[in-house]
Amino acid sequence: EEIGSKIGPTLILSVAALFVTLLISIPLGVLCALYKDRLLDNICRVFSFIGIAVPSFLSSLLLLYFFAIQLNWLPVVSKGGFQGLILPVTVLTIQCSAKFIRQVRSIVLEQMNQEYVRGAIARGVTKSKILFSHVLRNAWLPIITLIGIYFGIFLSGAAIVETIFSWQGIGQLAVEAVGRKDYPVIQAIILWLGILYVAVNFLVDLSYSLLDPRVR
């Protein structure tokens with residue numbers, strides 16, 4: 001019953017964070033690959049280094065201090081709703097986008113260096129058609145794999161973020177259970193995480209056959 005009451009808030013936080021991460025990371029990753037070693041690529045590289053280096057508890061506390069305490073734009077204690085969702089989603093997006101942009105960039109660059117791309121250029125196919133009709137279609141499989149991994153991470157409960165922002169999800173429940181040595185709850189959360197990862201990976205495998213006719 002305890003876990004059941006926490007799944008909803010964690011699911012809302014996970015879907016929102018994943019949506020914003022994909023909205024930012026995929027276009028930026030593709031653009032960084034197209035304009036390799038140019039200004040945009042260098043700016044994203046610096047952002048990635050900072051996002052990966054700064055721990056989530058520090059970025060959470062900084063955002064809480066500036067936007068909730070100093071500016072008083074957002075609530076200090078999240079009570080659900082859109083305003084309470086903004087800061088935890090921002091922290092998770094920063095953490096994941098920092099990695100996801102570089103990973104998408106590497107995937108697209110790998111596809112752009114393939115022989116079929118050079119063949120299409122030699123035949124006079126436009127760059128936009130090569131990108132959207134060939135490169136991105138072939139890049140979707142590893143990107144879908146990354147989406148599944150990050151969604152599993154989000155759903156498992158961002159313990160630090162949920163605790164700092166008082167978001168009533170699985171992560172906060174896990175921290176509280178460890179603090180009070182509530183072993184049945186800890187065991188149930190571990191079981192939930194195991195089932196979750198198996199289910200997400202299974203759905204990712206099924207999606208391959210929908211995206212790639214060779215898999216079918």
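Residues numbered from 1 in each chain as written. Predicted model: local features only at pLDDT ≥ 70, side-chain atom pairs only at ≥ 80, totals over all residues. Heavy atoms only, no water.

Undergrad: Explain the packing of helix α3 (residues 56–70) against helix α4 (residues 81–112) to me, and be specific about the residues and the numbers.
TA: One way to put it is that α3 packs onto α4 with a least axis distance of 10 Å and a crossing angle of 140°. Relative to α4, α3 is oriented oblique. Crossing of α3 over α4 shows right-handed handedness. Along the contact surface, α3 presents Ser-56, Ser-59, Ser-60, Leu-63, Leu-64 and Phe-67, while α4 presents Leu-87, Thr-90, Val-91 and Gln-95. (Axes fitted to C-alpha atoms, helices over the stretch in contact; angles between N-to-C directions. Helix = DSSP H or I, 4+ residues; strand = E, 2+ residues; numbered from the N terminus. Parallel < 35°, antiparallel > 145°, perpendicular 65-115°, else oblique. Left-handed = near helix turned anticlockwise from the far one by under 90°. Contact = heavy atoms within 4.5 Å.)

Undergrad: Report on the packing of helix α5 (residues 115–122) against helix α6 (residues 127–155), specifying residues and quantitative values.
TA: Where α5 contacts α6, the two axes come as close as 11 Å, and the packing angle between them is 170°. Classified by the interaxial angle, the pair formed by α5 and α6 is roughly antiparallel. Here α5 contributes Tyr-116, Val-117, Ala-120 and Ile-121 to the contact with α6, which in turn contributes Ile-130, His-134, Val-135 and Asn-138. Classifying every residue of the contact of α5 with α6 gives six nonpolar, two polar and no charged. (Nonpolar A, V, L, I, M, F, W, Y, C, P; charged D, E, K, R; others polar.)

Undergrad: Tell me about the nonpolar core, and name the residues and values.
TA: In terms of nonpolar packing, the biggest core is built from 45 residues, with Leu-92, Phe-100, Val-108 and Ile-143 touching the most fellow members. Among the elements of the structure, α1 (2–34), α3, α4, α5, α6 and α9 (183–211) are those that each provide at least two residues to this core. If one sorts the elements of this core by residue count, α6 sits on top with 13 residues. Among residues more than four places away in sequence, those in contact with Phe-100 are Thr-21, Leu-22, Ser-25, Ile-26, Ile-143, Leu-146, Ile-147 and Tyr-150. (Core = buried A, V, L, I, M, F, W, Y, C linked by side-chain atoms within 4.5 Å. Buried < 20%, exposed > 50% of the residue type's maximum accessible area, 1.4 Å probe, protein only.)

Undergrad: Can you break down the packing of aromatic side chains residue by residue, with the values?
TA: Under the definition given, this model contains three aromatic pairs. For the pair Phe-67 and Trp-73, a centre-to-centre distance of 6.0 Å together with 45° between the ring planes defines the contact as tilted. (Phe/Tyr/Trp six-rings, centres within 6.5 Å; stacked < 30°, edge-to-face > 60°.)

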